[in-house]
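Listed below are the residues making up each chain.
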Amino acid sequence: MEIITRRQRLHSIVRKIRREEDKTIGIVPTMGALHEGHLSLVREARRMCDVVVVSIFVNPAQFGPGEDFDHYPRNLTGDTALLTDYNVDYIFAPSVEEIYPKGFSTFVTVENLSEQLEGAARPGHFRGVATVVTILLNVARPDFAFFGQKDAQQALVIKRLVRDLGFDTEIVILPTMREESGLALSSRNAYLDDEEQRAATVIHRALALAEAAYAHGERSAKRLAELVRTEILTEPRARLDYISVTDADTLEKIDKLDDHTALVAVAVYLGRTRLIDNVVLQPAKQKARVTVET
Ligand code: AMP
């Protein structure tokens, strides 16, 4: 395994792999502080691709003013040790200046899909995500790129970006990995104290209630949202930032779920830590929907 810090070095390695060896390349973009959620993506990349690149870059462009960029957990040594066990070929861990050199002035904006939910709560967030992912796809020229359903809107934004700009990369979206308590794994869980960690389990409980109500025939978006809101209110340490029920592909608000595949997405504060999670509610006849899309 080689740790690469320069765009140029990664670019020339992949150019050689593509030219001289008939191998597929997969990339797993991350911000590090790796956990089992990230590792599930790495495992799938290892299974599907000949050469696996994991990028570790805490991307300043996707953090707003007053957010946790400075405090975001960073642990390149620990991450490297983990990835060695997973047989990763390359870690791409560039500096901020390497990705955004002096004079950097080109940004990528995915309209519409970026504007609601996380985009509304964190203005500029998806512009930062889309820009860095564009750079990573250009540098690594992967056949496959792996992302988690945990960041459902991010997955949609990236699929749209790849389609609109004509990248020759297949986007693979993998399920959310959870603790036994149901809490979605996240690097930000490291901010939680023991009490907050316990309190945070309300998020998944609330989403599971919506899932159960849906399974029993509830199709009103308003009532499903109300169920989630009420459950989260039972936990005094949790503060709901938003609950949204939208079409899972367009993120447009819906009143009745009926034929829609719906995304129920929440952002919840535990103290100063903001966590997001979601469930997808799918009409039975659509359940075989594939999650791999180009
Ligand atoms: P991050 O380091 O938070 O930017 O996440 C890097 C990638 O890992 C993104 O595609 C996330 O959606 C994915 N990811 C984060 N948490 C999880 C999780 N609990 N389960 C599955 N994928 C995840």
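Within any chain, residue numbers begin from 1 and follow the written order of that chain's sequence. The predicted nature of this model means local features are confined to residues of pLDDT at least 70 and side-chain atom pairs, given and counted, to a pLDDT of 80 or more, with totals for whole chains, interfaces and linings taken over all residues. Side-chain numbers here rest on the full set of heavy atoms in the structure, without hydrogens or water.

*Asks:* Tell me about empty space enclosed by the protein, residues and numbers included.
*Replies:* Using only the protein atoms, space was sampled on a 1 Å grid; points where a 1.4 Å probe fits but cannot get out form cavities, open sets with protein on both sides within 12 Å along at least five of seven lines form pockets, and lining residues are those with an atom within 4 Å of a point. Grid points are joined across faces, edges and corners, and a volume is the space filled by probe spheres set on the points. Going through the model one piece at a time under the given rule, you end up with one cavity of 30 Å³ or more. Of the pockets and cavities examined, the largest cavity occupies roughly 50 Å³. What lines the largest cavity is Lys 150, Leu 183, Ala 184, Ser 186, Asn 189, Ile 203, Leu 275, Ile 276 and Asp 277. Each residue gets one of three labels, nonpolar for Ala, Val, Leu, Ile, Met, Phe, Trp, Tyr, Cys and Pro, charged for Asp, Glu, Lys and Arg, and polar for the others, Gly among them. Considered class by class, the residues forming the lining of the largest cavity number five nonpolar, two polar and two charged.

*Asks:* So, the packing of aromatic side chains: which residues are in play, and what are the values?
*Replies:* Two rings belonging to Phe, Tyr or Trp (six-membered ring only in the last case) form a pair when the distance between their centres is within 6.5 Å. Interplanar angles under 30 degrees mark stacking, angles over 60 mark edge-to-face geometry, and anything in between is tilted. A full pass over the atoms with the stated rule returns six aromatic pairs. Between Phe 57 and Tyr 100, the aromatic rings sit 6.2 Å apart at their centres with planes inclined by 45°, giving tilted as the arrangement. Note that Phe 57 is positioned in the loop between strand S3 (51–56) and helix H3 (76–85) and Tyr 100 in the loop between helix H4 (96–99) and helix H5 (118–121), a separation of 43 residues in sequence. Look at Phe 57 and you get buried, because its relative accessible area is 7%. Residue class for Tyr 100 comes out buried when judged on its relative accessible area of 14%. Plain terms: the ring middles of Phe 104 and Phe 107 are 5.4 Å apart, the flat faces sit at 80° to each other, and that makes the pair edge-to-face. To sort residues, take the accessible area from a 1.4 Å probe on protein chains only and compare it with the maximum for the residue type: under 20% means buried, over 50% means exposed, and anything in between is partly exposed. A relative accessible area of 32% means that Phe 107 is categorised as partly exposed. Put simply, the rings of Phe 57, Tyr 100, Phe 104 and Phe 107 touch in pairs and so form one group of aromatic residues. Above the plane of the ring of Phe 69 lies Arg 74, whose end atom (NZ or CZ) is 4.9 Å from the centre. Comment: the charge-over-ring label is applied if NZ (Lys) or CZ (Arg) is within 6 Å of the ring centre and within 35 degrees of the ring normal. The ring of Tyr 214 carries the charged tip of Arg 219 above its face, separated from the ring centre by 3.8 Å. By definition, any uninterrupted DSSP run of H or I lasting at least four residues is a helix, any uninterrupted run of E lasting at least two residues is a strand, and each is numbered from the N terminus.

*Asks:* Run through unusual backbone geometry, naming residues and quoting values.
*Replies:* Of note in the backbone geometry, Arg 141 takes a positive phi value of approximately 40° without being a glycine. Residue position: Arg 141 is located in the loop between helix H6 (125–140) and strand S5 (144–148). The class of Arg 141 is partly exposed, set by a relative accessible area of 42%. Notably, Leu 251 is not glycine yet its phi reads approximately 60°, a positive angle.

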